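Observations on the three-dimensional arrangement
Take a look at the letters that make up each chain.
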Amino acid sequence: MSIQKDKIVEMHYTLKLDDGQVRDTSDGREPLKFLCGHGQIIPGLENELIGLKEGEEKTVRVAPEDGYGKKSEDMIHTVPLDQLPREIDPRVGEKLQAQTPEGHMIVGTITKVRPENVDIDFNHELADEHLNFNVKVVSVRDASNEELAHGHAH
Ligand code: ZN
């Protein structure tokens, strides 16, 4: 059976950045399990998995546009010090969570500290990065009706 929409896929993967740094890997853990075609993994990777069978390996290079996007100046916010949560130390590299108007939690990193305010960068940590995945398919099976209804693997 090969990977296509509505299949449950288990695979091992390693994600490297262009500098060779391993950013994430399933090595030593359970394989990643997901329902194909339902937005569970980044589209730039998922599209390249279509047609792979159990036991097959592939190296996939994903451009930022198909990964975590390009960095945007609009995602860097200047926030007055007195509006920072009390537990946050205003120093470069400090991370904090914020809620978007739509109610999503996003993580920001302080990138500049001034006497009155700080710049917080809410771009994804992997924005602007090429993602180099090495994947090995462990199993492919049909999704159950329940999994399809839920939109994820059980
Ligand atoms: Zn469920």
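These remarks concern the structure in this document. (Residues numbered from 1 in each chain as written. Predicted model: local features only at pLDDT ≥ 70, side-chain atom pairs only at ≥ 80, totals over all residues. Heavy atoms only, no water.)

**Quick notes on the coordination of the zinc ion**
Four donors placed tetrahedrally about a metal ideally form angles of 109.5 degrees, and six donors placed octahedrally ideally form angles of 90 or 180 degrees. For the zinc ion, the full set of protein donor atoms is H150 (ND1), H152 (NE2) and H154 (NE2), at a range of 1.9 to 2.2 Å. In terms of primary sequence, the donors binding the zinc ion are separated according to H-x1-H-x1-H. (Donors = N, O, S within 2.8 Å, 3.2 Å for Na, K, Ca; no water.)

**Topic: the sheet that holds strand β8 (residues 117-121)**
Reading across from one edge, β5-β8-β7-β6 is the order of the 4 strands in this open sheet, with antiparallel pairing throughout. Looking at the sheet topology across the chains shown, the edges are occupied by β5 (76-80) and β6 (95-99). Neighbouring strand axes in the sheet, compared pairwise and without regard to direction, differ in orientation by 40 degrees on average. As defined by bridge partners, strand β7 (residues 105-113) adjoins β8 across 4 bridges and the pair is classed as antiparallel. Following the sheet pairing, I110 is matched in β8 by I120. (Pairing = 2+ DSSP bridges. Helix = DSSP H or I, 4+ residues; strand = E, 2+ residues; numbered from the N terminus. Axes fitted to C-alpha atoms, helices over the stretch in contact; angles between N-to-C directions.)

**So, the nonpolar core**
Counting residues in hydrophobic clusters, the biggest one holds 21 residues, and the most contacted among them are I3, L45, L49, L131, F133 and V135. Mapped onto this core, the elements with two or more residues apiece are β1 (7-16), α1 (43-49), β4 (57-62) and β9 (131-142). When residues of this core are assigned to their parent elements, the largest contribution, 5 residues, is made by β9. Not counting chain neighbours up to four residues away, the residues in contact with I3 comprise V9, C36, L49, I50, G51, L52, V137 and V140. Counting residues in each nonpolar core, the second largest holds 8 residues, with V79, L96, V118 and F122 among its members. (Core = buried A, V, L, I, M, F, W, Y, C linked by side-chain atoms within 4.5 Å. Buried < 20%, exposed > 50% of the residue type's maximum accessible area, 1.4 Å probe, protein only. Contact = heavy atoms within 4.5 Å.)

**As for the environment of T109**
Here T109 is to be found in strand β7. Each C-alpha atom, one on T109 and one on C36, is 32 Å from the other, the two residues being 73 residues apart in sequence. Among residues more than four places away in sequence, those in contact with T109 are G93, E94, K95, D119, I120 and D121.

**Things to note about the side chain of E46**
Of note, E46 is situated in helix α1. Despite being buried, E46 has no salt bridge partner; K5 is the closest side chain of opposite charge, sitting 9.0 Å away. Here the side chain of E46 touches G37 through a polar contact of 2.9 Å, landing on its backbone nitrogen. Residues contacting E46, with those up to four places away along its chain left out, are F34, L35, C36, G37, H38, G39 and I41. (Lys, Arg positive; Asp, Glu negative; His and termini not counted. Salt bridge = Lys/Arg side-chain N within 4 Å of Asp/Glu carboxyl O. Polar contact = N/O pair within 3.5 Å; in protein donor to acceptor, adjacent residues only side chain to side chain.)

**A closer look at the pattern of salt bridges**
On inspection of all chains with the given rule, the structure shows 11 salt bridges. Between R29 and D24 there is a salt bridge, and its shortest N-O distance comes to 3.9 Å. Residue R29 is classed as partly exposed on the basis of its relative accessible area of 47%. Owing to a relative accessible area of 30%, D24 belongs among the partly exposed residues under this scheme. The salt bridge partner of R91 is D89, with a shortest N-O separation of 3.3 Å. The exposure class assigned to R91 is partly exposed, which follows from its relative accessible area of 46%. Overall, the relative accessible area of 41% leaves D89 in the partly exposed class. A cluster of three or more residues bridged by salt bridges with shared partners is formed by R23, K95 and E125.

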